[in-house]
Amino acid sequence: MSDPKPERLHLTLAELISEQIEQRHATELRTVLSTGNEITMHGRFTVGSDFIIYRTAKDNSGKWAMTPFAHIVQLAI
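So, how was this worked out
- Once a new chain begins, its residue numbering starts again from 1 and follows that chain's sequence as written.
- Only residues with pLDDT of 70 or above have their local features reported here, since the model is predicted, and side-chain atom pairs are shown and tallied only from 80 upward, although totals for entire chains, interfaces and linings are computed over all residues.
- Processing note: side-chain calculations cover all non-hydrogen atoms of the structure and skip hydrogens and water entirely.
- For the purposes of this section, nonpolar cores are sets of buried Ala, Val, Leu, Ile, Met, Phe, Trp, Tyr and Cys residues that join through side-chain atoms within 4.5 Å.
- With a 1.4 Å probe rolled over the protein chains alone, any residue whose accessible area is under 20% of its type maximum counts as buried; one over 50% counts as exposed, and the rest are partly exposed.
- Each helix corresponds to a stretch of at least 4 residues labelled H or I by DSSP, and each strand to a stretch of at least 2 residues labelled E; elements are numbered beginning at the N terminus.
- Any pair of residues with heavy atoms lying within 4.5 Å of one another is described as a contacting pair.
- Per-residue confidence from the prediction method is given by pLDDT, with values spanning 0 to 100.
- Only strands that DSSP links by at least two bridges are regarded as paired with each other.
- As a rule, the C-alpha atoms of each element are fitted with a line to give its axis, helices using only the stretch in contact, and angles between N-to-C directions run from 0 to 180 degrees.

1. Some words on the nonpolar core
Next up, step 1: In this structure, I21, L29, M41, F45, I52 and F69 are the most contacted members of the largest nonpolar core, which totals 13 residues.
Next up, step 2: Among the elements of the structure, α1 (13-24), β1 (28-33), β2 (38-47) and β3 (51-55) are those that each provide at least two residues to this core.
Next up, step 3: Sequence-distant contacts of L29, defined by excluding residues within four places in its chain, comprise I21, I39, T40, M41, F45, I52, L75, A76 and I77.

Laid out in structure tokens, this is it:
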């Protein structure tokens, strides 16, 4: 068995999440944090190498927040 490795193997988690957000035109992410808290991220997202920046409310008056990937246990796109 000498199957080549999948092309996506070299991609980081941030790159995979960014691609999923774009493909699905996602405007909401549901997340479970390591603290046990559940949060919902709204609006446009900026995915960094180890964090996600998002709006805390659905409307334009919402404040921006940042969640590091290290604190994310489960992410539903």
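2. Thoughts on the confidence of the model for the protein
Next up, step 1: Confidence in the prediction of the protein, expressed as mean pLDDT, is 83, and 82% of residues score 70 or more.
Next up, step 2: β2 is the least confidently modelled element of the protein, averaging 85 in pLDDT, while strand β5 (residues 72-76) averages 92, the highest of any element.

3. Here's the deal with the sheet that holds β1
Next up, step 1: The antiparallel open sheet is built from five strands, whose spatial order is β4-β3-β2-β1-β5. Looking at strand neighbours, the two that pair on one side only are β4 (64-68) and β5, the edges of this open sheet. The sheet shows a mean angle of 45° between the axes of neighbouring strands, direction not considered.
Next up, step 2: Both β2 and β3 contribute to a ladder of three bridges, which runs antiparallel.

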